[in-house]
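Single-letter residue listing:
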Amino acid sequence: MPRDSSTKSEPSRRSRRRAGLAPAVAIDVGLRLSPNDHLSRLPLEILTMILAELDPDDVLKISWTCKAFRKFLFNRKASRATVWKPVLERVEALPPCPPDLNEPQYVAWLYKFGVECCQTCGGKEDMKFFFELRLMLCYFCGRKEFGGLYTLEEEGYNLEIVELTPAYVLHKWPEYHRGTVAALAAKYSKQRGPKAKKTWMEEQQRIWKNRKQHGDAYDNALRILGEKWDIKREEMKLVRVKQIKEKLSELGWEREIEHYFIKDFANLAYLVHRPFSDEEWAAYGHDLIKVMRGIRGKLRQKEIGRHIKERIAKWLKPAHTAFILSRPPNEINPNILDVALSDEWRTLLCTEPFHEDLTQSVVEAANTQIPEFATVWRKNTVEQLLEVVRRSKTYFDQEVTEEVLHLASTIFRCTDCTCRGLGLVNGDVLTYPHALAHSCNFLLEKPVIEVVSQDVEHFEPSQPIGYRRNGKWTVQLYHEEEKHILKALKNVGKWGGFNSKFVFDDVAHGHMLSLLYALGWSRTTSAMEIEEKQPYVECLCECYHHPEKEPSRKILRWKKAIHECKAHAETEHARKWLSKLNEDDLVKSEQHEEARRKSTHLYCPWCHKHRHCFIMDGDPSLRRHVSKCPAIQKPCPPDVKEHTKSVSVLAEEEPWLHYETEVRLEGEQVQRGGPHDHRCETCRAMERPAGENPDSDSDDSEESESASSDEDSD
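Notes on the structure in this doc start here. Not measured: the values here are computed from a predicted model.

**Some thoughts on the packing of aromatic side chains**
Then comes step 1: A complete count under the given rule lists 18 aromatic pairs for this structure.
Then comes step 2: Residues Phe131 and Tyr218 carry aromatic rings whose centres are separated by 3.8 Å and whose planes lie at 10 degrees to one another, so their mutual orientation is stacked. In this pair, Phe131 is assigned in the loop between strand E1 (127-130) and strand E2 (135-138) and Tyr218 in helix H12 (residues 193-250), connecting sequence segments 87 residues apart. Of the two residues, Phe131 and Tyr218, neither departs from the other in class, the shared state being buried.
Then comes step 3: Members of the aromatic cluster, joined through ring pairs, are Tyr395, Phe412, Phe442, Trp495, Phe498, Phe502 and Phe504.

**Describing the sheet that holds strand E12 (residues 536-539)**
Then comes step 1: If you trace the three strands from one edge of the open sheet to the other, you get E13-E12-E14, paired in antiparallel fashion. Lying at the two open borders of the sheet, with one neighbouring strand each, are strand E13 (554-557) and strand E14 (578-579).
Then comes step 2: Across four bridges, E12 lies against E13 in antiparallel orientation. The residue of E13 that forms the bridge with Cys539 is Lys554.

**A few points about the environment of His608**
Then comes step 1: Structurally, His608 is set in the loop between helix H25 (583-595) and helix H26 (622-625).
Then comes step 2: Judged by its relative accessible area of 2%, His608 is buried.
Then comes step 3: The spacing of His608 and Ser439 is 169 residues in sequence and 8.6 Å in space, taken between C-alpha atoms.
Then comes step 4: Sequence-distant contacts of His608, defined by excluding residues within four places in its chain, comprise Asn333, Pro334, Asn335, Trp377, Phe442, Gly493 and Tyr603.

**Observations regarding the pattern of salt bridges**
Pairing between side chains of opposite charge can happen when their charged atoms approach one another.
Then comes step 1: Under the criterion given, the structure shown has 31 salt bridges.
Then comes step 2: Here Arg76 makes a salt bridge to Glu103, at a shortest N to O gap of 3.5 Å. Of the two residues, Arg76 is situated in helix H6 (residues 76-89) and Glu103 in helix H7 (residues 103-110); the sequence distance between them amounts to 27 residues.
Then comes step 3: A salt bridge links Arg240 to Glu280; the shortest N-O distance between them is 3.0 Å. One end of the pair, Arg240, is in helix H12; the other, Glu280, is in helix H14 (residues 278-326), with 40 residues separating them in the sequence.
Then comes step 4: Through salt bridges with shared partners, a single ionic network connects Glu531, Arg557, Lys559, Glu653 and Glu660.

**Structural notes on empty space enclosed by the protein**
Then comes step 1: Applying the stated rule across the entire model yields two cavities of 30 Å³ or more.
Then comes step 2: Among the elements that line the lining of the second largest cavity, the one with the most residues is strand E7 (residues 428-430), at three residues.
Then comes step 3: Along the lines of polarity and charge, the residues of the lining of the second largest cavity split into four nonpolar, one polar and four charged.

**Considering the nonpolar core**
Across soluble globular proteins, nonpolar side chains have a tendency to be buried as a group.
Then comes step 1: Formed by 41 residues in total, the largest nonpolar core has its most connected members in Leu316, Trp345, Ile485, Leu489 and Trp606.
Then comes step 2: Mapped by element, the contributors of at least two residues to this core are H14, helix H15 (336-340), helix H16 (343-349), helix H17 (360-367), helix H18 (370-390), strand E10 (472-477) and helix H21 (483-488).
Then comes step 3: Take this core: its biggest share by element is eight residues, from H14.
Then comes step 4: Of all hydrophobic cores here, the second largest spans 27 residues; its members include Leu386, Val404, Leu405 and Phe498.

**Examining the packing of H12 against H14**
Then comes step 1: The N-to-C vectors of H12 and H14 enclose an angle of 70 degrees; their axes lie 11 Å apart at closest approach. Classified by the angle their axes make, H12 and H14 are roughly perpendicular. For the crossing formed where H12 meets H14, the hand is right-handed. Within the contact between the two elements, H12 uses Arg240, Ile244, Lys247 and Leu248 and H14 uses Asp278, Glu280, Trp281, Leu288 and Met292.
Then comes step 2: Residue classes in the contact of H12 with H14 are distributed as five nonpolar, no polar and four charged.

**Focus on the sheet that holds strand E11 (residues 502-504)**
Within a sheet, adjacent strands bond to each other through the backbone by hydrogen bonds, running parallel or antiparallel.
Then comes step 1: The three strands are arranged E7-E6-E11 in an open sheet whose pairing can be described as antiparallel. The two strands at the open ends of the sheet, each matched to only one other strand, are E7 and E11. With direction set aside, neighbouring strand axes in the sheet form an average angle of 25 degrees.
Then comes step 2: Across three bridges, the pairing between strand E6 (residues 412-414) and E11 is antiparallel. For Arg413, the partnering residue across the bridge sits in E11 and is Val503.
Then comes step 3: In the packing of H18 onto the sheet, contacts are made with E6 and E11, and the angle to E11 comes to roughly 60 degrees.

**Focus on unusual backbone geometry**
Then comes step 1: Following Glu352, the chain continues to Pro353 via a peptide bond in cis, the omega torsion being -5 degrees.
Then comes step 2: Locating Pro353 in the fold gives a position in the loop between H16 and H17.
Then comes step 3: A positive phi is found at Arg134, a non-glycine position, where the angle reads about 60 degrees.
Then comes step 4: Unusually for a residue other than glycine, Gln534 sits at a positive phi of about 50 degrees.
Then comes step 5: Relative to the helices and strands, Gln534 resides in the loop between helix H23 (527-533) and E12.

**Focus: helix H3 (residues 44-52)**
Then comes step 1: Within the sequence span of H3, burial applies to Leu47, Thr48, Leu51 and Ala52. Along the long axis of H3, the arc covered by the buried residues comes to 135 degrees, so they all point the same way. Every exposed residue of H3 that faces more than 90 degrees away from the buried side is listed here: Glu45 and Met49.
Then comes step 2: Its buried side turned inward, H3 meets helix H4 (56-63), helix H5 (67-73) and H6.

**So, H14**
Then comes step 1: The terminal C-alpha atoms of H14, which comprises 49 residues, lie 68 Å apart, in line with the 72 Å expected from a rise of 1.5 Å per residue.
Then comes step 2: The sharpest bend along H14 reaches about 55 degrees and sits at Tyr284.

**Focus: the layout of surface pockets**
Then comes step 1: The space that makes up the second largest pocket amounts to roughly 600 Å³.
Then comes step 2: Around the second largest pocket, the lining is made up of 21 residues, and of these Asp55, Asp57, Tyr111, Leu225 and Trp229 lie nearest the centre.
Then comes step 3: Residue assignment for the lining of the second largest pocket shows that the elements contributing at least two residues are H4 and H12.
Then comes step 4: In terms of residues, the lining of the second largest pocket owes the most to one element, H12, which gives eight residues.

About the thresholds
- Residues numbered from 1 in each chain as written.
- Predicted model: local features only at pLDDT ≥ 70, side-chain atom pairs only at ≥ 80, totals over all residues.
- Heavy atoms only, no water.
- Phe/Tyr/Trp six-rings, centres within 6.5 Å; stacked < 30°, edge-to-face > 60°.
- Helix = DSSP H or I, 4+ residues; strand = E, 2+ residues; numbered from the N terminus.
- Buried < 20%, exposed > 50% of the residue type's maximum accessible area, 1.4 Å probe, protein only.
- Pairing = 2+ DSSP bridges.
- Contact = heavy atoms within 4.5 Å.
- Salt bridge = Lys/Arg side-chain N within 4 Å of Asp/Glu carboxyl O.
- 1 Å grid on protein atoms, 1.4 Å probe; cavity = no way out; pocket = protein on both sides within 12 Å on 5 of 7 lines; lining within 4 Å.
- Points joined across faces, edges and corners; volume = space filled by probe spheres on them.
- Nonpolar A, V, L, I, M, F, W, Y, C, P; charged D, E, K, R; others polar.
- Core = buried A, V, L, I, M, F, W, Y, C linked by side-chain atoms within 4.5 Å.
- Axes fitted to C-alpha atoms, helices over the stretch in contact; angles between N-to-C directions.
- Parallel < 35°, antiparallel > 145°, perpendicular 65-115°, else oblique.
- Left-handed = near helix turned anticlockwise from the far one by under 90°.
- Arc of directions from axis to C-beta.
- Expected span 1.5 Å × (residues − 1).
- Bend = angle between axes of the 7 residues up to and from the residue.

These results come straight from atomic positions and should not be treated as a statement about function.
The structure is reproduced here in C-alpha cells:
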C-alpha cells in the first residue's frame, strides 16, 4: 500500500526515537501522523507530565482514543511508574492497585467504567457492587448466587472454606458467594496431604485477609471521592444556573426565572459537570424558552386566582353574609359557592382587567339578584326531595306538594350513615328541613371540572351546581378563570343531591301515624311542632326489648322510638304499640329531656360544611366554626353568632340516636303473659311450644291439661 503523501517528509523511526520527537509507542505501532496531530509529536517526557496531572478517569478515557495511547498506557513497564502511580496517589485515601488487577482495570472499577451492568444476566437495575470478589450483580442474580452460612453447609461446603470469603448483608443476615466458595473448595480438594492443605489454607487466609482490608480502604476512598464529586457538582450547578439565568434575563424572563429556580435545580436536565456553553444554548435554549412560556401562563393564572379571591372576600362574602342574616335561621338557602357560580356573580368575579377593583354599582346590581337566585335554588332542591317522596309506596301515583314535606309523618331515612365504622345499623331519621341539610348529601370528593361554551345549557334543571357523570361529580364552567372560584371556596360544602340510599321511610311513616294517634295529635301535625315539643311515649311492643332479658316498661323520645321500631305484619297494625304517658311519667320524661345529650352536628347556613363538628361534643361547635368559616367575611360580624344561637337544623343525628337511652324506670318489669304483655305475634311465636293453638287462652290450656290428667288417673 502506498504511503500517504503527507508523511513522506517525516523522519525515520530510528531518527525520531533518537531525537525524542514522539512517544516510543507511536513509533512501535507504525502510526501515520497527520499534519494536525500535534499531540503525538510531543516529546515523551512532556506528554507523561501532562498525563500525570489528570484525574484517573481522564487518563483511562485517553487510553481509549487511539492505538498509540492504548499501547502506551496499558504497558505497565512503560506507564505505571510515570503516569498511573502519581495519578492514583493523588486520590485521597485510595489504596494501591491490588496485584490481581492492572491500573486501567482498577480505575475502571473505581469509576464503574464498563461494569455498569450485571455480569451474569446483563441487567442494569438494582445493581450491587462486590469489589473484593470483582463482581457486579443485580438484585435477582445476587439472591441466586449468594447463600447463608447454614445453607452452604447443607449444600456440602466446608465452613472453614466458606468463612475465608467476605460476607455481604443482602437481606437480614450475612451471605457468601457460591461461585467463589465452590472454586476455593475445588482447589482445596486438589491439595495432597494434610500439610499441603494446611499450607494452602494459611495462604488463602492471608490473601483474603489482605483483600478484605484493601476492600475496606477502597470503600472509604470511594466514599471520600463521592463526597468531593458531589461538592464539585453542586458548585458547577451553581455556575451553570447563573449562566442560564443571564441568558434568559437578556430575553426578558426575569420573573419566570426566579419561579423556575425557586426549587432545587437538581432536576434541571441541562446541569452537567461543565460550564454552560453556547452549543448547549443552541441545542436546549428553545426548550428553556418553552418552559418559561408555561411558567408565565401559570403565574398569570395564579395572579388571576389571587384577584378573584380578593373580590370574593371584599364583595361576595359581605353580601352573602347579610343575605343569610336577613333570612330565618332554620331556612335552607344556597351557600356562598352556589351564589358565586350564579350567572351574575361568576360574570362579575371574572370581569377583566383583574387588577382593577369592581365598582359599587355593578356589585349592588348583583346583590339584588341573590334573593331571586335563592328562591330558584330552594325550589329546585325541594323538587328533588319531592321526587324521593313520589317514589315511595305511601305516595306512589299520587299528587305530592310541598305541604307534604312539612308533615311530621313525612320521614326520610339515610342508610348511608350505617357505613362509617361506628356500628350504626338503622340509619338517620330525618324530617324536613333536616333532610336537606343532611351531611351525606354533600360531596367529599373533588369534582371534575369541564369548560363549555356559554351557549350550552351547563346545568341540569334539578342540580344547582353540577351533575353526576359516570359516577363522578362534574361541574361545568364558562371560562378557565372560573376554576379559581372553586379553588378559592374549596372548603365550602358542595351539594351532591340525594343518592340511592336516601329514601322515604314507609315503615317509619306508619309508626309515626300510630305515635300521633297515641298522643291524641292530628295527622297533620307539622315536623316543626313535634321537633319543638319532643314528646315521649311508652313503647309496648316487645320489639323494643332485648330477647334475653326480662321485659320492662320502655319510655323513649319520639325519634328514638321511630328509630328503633321494626316493620310489623299487616295483621298487627290494629294493635296498640305506643301509649301516652301518665302524669308521673311525663315528669320523668321532662327531666330526661333536660339531661339528654343533644346532637352538636349543626348545619352551617353559610358554607354548608358539616365536618367541623365532633361527635358527642358538649359545646355546639357551630359557634366556634363561624369565627373561621370560609364563607363569612372577616372579621366575623357580631350578628352572626347571635344568628347561630337560633339554628337548630341538624346535619347528622344518627350517632346520638344510636346511643340515646330510654327514661329510667326502676323496679317496673312486665310479667310475660300478664295483662301488660303487649308482645306482637312474632315475638309470642318464638316462645310458643310446637303444636299449640295460637288462638287458645292460657286458662283453656290449663283446663285441658287437668282434664287429661284426671282421665289418666281413672
